[in-house]
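# Survey of secondary and tertiary structure
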Amino acid sequence: MSDRVDVLVVSLGTTRGLRLSDAQLVDMFRTAGATVAAVGTRIGLTNALRRGYPVNDLVEAIAARRALRAGVSAHLPRALVISTTTAAFAIGDPGVPFAVWLDSPARLNRPGALNWPLHLLERRQLARARMLMAHSPGTLEALPAAAAPSVLVPPPIPAAPPPSHVREPFCVGYTPDPKAKGLPLLCAAWEQAALPGVRLLIAGLAPDRAAAFLARRGITLPRTAELVGMLPSRRSGTCWPAPASLSARPSGRISASRRSRRSTVGRRWCARRLAVPSRRSPWAARSRPSSWRRSGARPRSPARSRSHSRRRTTA
């Protein structure tokens, strides 16, 4: 049995991004002078049950509960920090004061009646916690009304590298889980976009693993795409956030363009969406083509274009 620690961090760790952010959280506690230990989850044989939500979250929550019990027995912590609401779903009352460190509540990123059991578990656990540590102001706004007191604790961001005079246009795709994050879909969308002079850097996954995943599915990596693993911290650039509505149902939009007789509509639409920032971003008004600003129009998705063509033909 190890010495008693001040804080035990329970890391869900199902993606590389979660593991990196949880390691940063441990470092923050140590910098503050606390003794800290961390335990990660092991899904084990129940991984075969993960075929979609909400079952995926329930399987991971049960695995996190096992990890928590083992960690409490080994380290006798004075307090717990549970990373993500998913890891907190099934812990009940652990007998130790606990906080939840979360980037987004399930009621926001798991909408719909099918995920209602998750919302119920989340409300119970977020009300039971001693404190909620939110990544962003948006997280604070999305918390349930009866949730515990909250405080803003974002992951630390390293200092930016010195500016460079070399400018290279590129896009970044983050696919730590090639199946869940849609690596084949990303490759198909990039082929359709056909942006001249722009490279796609696919990050978050070891290049050999990504290449093997694509090979098993008979997918060829686009000529202007590159598997880079984890991006070096010295690379800098300008970021355009995409609206949530684009990432919510990407497969339906891309598949619609495949079925469309006018496939050029799909390619032009993808190119515009990839090259133009969100309409809600502060610089979008000066980045959109002047014809859009004058008319108030926006590019049609392939599905909307097909529907418009049918109405015109009928008329």
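In the block above lies the structure referred to throughout.
Residues numbered from 1 in each chain as written. Predicted model: local features only at pLDDT ≥ 70, side-chain atom pairs only at ≥ 80, totals over all residues. Heavy atoms only, no water.

### Quick look at the packing of aromatic side chains
Which entries qualify depends on this criterion: Here a pair means two rings of Phe, Tyr or Trp (six-membered ring of Trp) with centres within 6.5 Å. Their orientation is stacked below 30 degrees between planes, edge-to-face above 60, and tilted elsewhere. Only when the NZ of Lys or the CZ of Arg is both within 6 Å of the ring centre and within 35 degrees of the ring normal is a charge said to sit over the ring.
Taken as a whole and judged by the stated rule, the model has 0 aromatic pairs. The ring centre of Tyr-53 lies 3.9 Å from the NZ or CZ of Arg-110, which sits over that ring.

### Some points on the nonpolar core
For the record, the criterion: We call a set of buried residues a nonpolar core when its members are Ala, Val, Leu, Ile, Met, Phe, Trp, Tyr or Cys and they connect through side-chain atoms within 4.5 Å of each other. Buried residues are those whose accessible area, probed at 1.4 Å on protein chains only, stays under 20% of the maximum for their type, while exposed residues exceed 50% and partly exposed ones sit between those limits. Numbering of helices and strands runs from the N terminus; a helix is a DSSP stretch of H or I covering at least four residues, while a strand is a stretch of E covering at least two. Should any heavy atoms of two residues lie within 4.5 Å, those residues are counted as being in contact.
Core analysis: the biggest nonpolar cluster contains 25 residues, and Leu-68, Leu-80, Ile-82, Phe-98, Val-100 and Leu-132 have the highest contact counts within it. Listed by contribution, the elements that provide at least two residues to this core are strand E1 (7-11), strand E2 (36-40), helix H2 (55-75), strand E3 (79-83), helix H3 (85-88) and strand E4 (98-102). The leading source of residues in this core is H2, at 4 residues. If we ignore the near neighbours within four places in the chain, the residues touching Leu-132 are Val-100, Leu-102, Leu-126, Leu-143, Ala-147, Ala-148, Pro-149, Ser-150 and Val-151. Counting residues in each nonpolar core, the second largest holds 15 residues, with Cys-187, Ile-202, Phe-213 and Leu-227 among its members.

### Focus: the sheet that holds strand E7 (residues 170-174)
This is how the line gets drawn: When DSSP finds two or more bridges between two strands, those strands count as paired. Note on geometry: axes are lines fitted to C-alpha atoms, helical ones only across the stretch in contact, with angles between N-to-C directions running from 0 to 180 degrees.
Reading across the sheet, the 3 strands line up as E7-E8-E9 and stay open at both edges, with parallel pairing between neighbours. The open sheet has two edge strands, E7 and strand E9 (225-229), and neither has a second partner. When strand polarity is set aside, the average angle formed by the axes of neighbouring strands in this sheet is 30°. Both E7 and strand E8 (residues 199-203) contribute to a ladder of 5 bridges, which runs parallel. Each residue of the ladder has a partner; that of Tyr-174, found in E8, is Ala-203. Sitting on the sheet, helix H7 (residues 183-193) is in contact with E7, E8 and E9, with an inclination near 175° to E8.

### Some words on a positive patch on the surface
Selection rule: Exposure above 30% relative accessible area and no salt bridge define the residues that can form patches, which grow by joining like charges within 9 Å and nonpolar side chains of Val, Leu, Ile, Met, Phe, Trp and Tyr within 5 Å. Method for areas: the Shrake-Rupley scheme with a 1.4 Å probe, in which residue coverage is limited to the protein chains shown. Put simply, a salt bridge is a Lys or Arg side-chain nitrogen that is within 4 Å of an Asp or Glu carboxyl oxygen. For this count, His and the chain ends are skipped, Lys and Arg are scored as positive, and Asp and Glu as negative. For this purpose, a charge sits on NZ of Lys, CZ of Arg, CG of Asp or CD of Glu.
A cluster of basic residues, Arg-16, Arg-19, Arg-51, Lys-179, Arg-209, Arg-216 and Arg-217, forms a positive patch on the protein surface. Those elements that provide at least two residues to the positive patch are helix H1 (16-31) and helix H8 (207-216). For Lys-179, the position within the fold is in the loop between E7 and H7.

### Description of the sheet that holds E4
The strand order across the open sheet built from 6 strands is E2-E1-E3-E4-E5-E6, with neighbouring strands paired in parallel fashion. Strands at the two margins of the open sheet, each flanked by one partner only, are E2 and strand E6 (150-152). Each strand axis lies, on average, 20° off the axis of its neighbour in the sheet, ignoring direction. Looking at chain direction, E1 and E3 are connected through 4 bridges and run parallel.

### Focus on the pairing of E2
Counted only if it meets this: Handedness of a crossover is defined as follows: with both strands directed away from the viewer, a clockwise route from the first strand across the helix to the second makes it right-handed.
Of the pairings in the sheet, the one linking E1 to E2 comprises 5 bridges and is parallel in character. Note on E2: the bridge partner recorded for Leu-8 is Ala-37. The β-α-β motif built from E1, the intervening H1 and the parallel element E2 has right-handed crossover chirality.

### Things to note about the environment of Leu-186
As for its placement among the helices and strands, Leu-186 is situated in helix H7. On the basis of relative accessible area, Leu-186 is assigned to the partly exposed category, the value being 23%. Through-space distance from the C-alpha of Leu-186 to that of Leu-200 is 9.7 Å; in sequence the pair is 14 residues apart. For Leu-186, the residues in contact, after removing those within four places along its chain, are Gly-173, Thr-175, Leu-200 and Ile-202.

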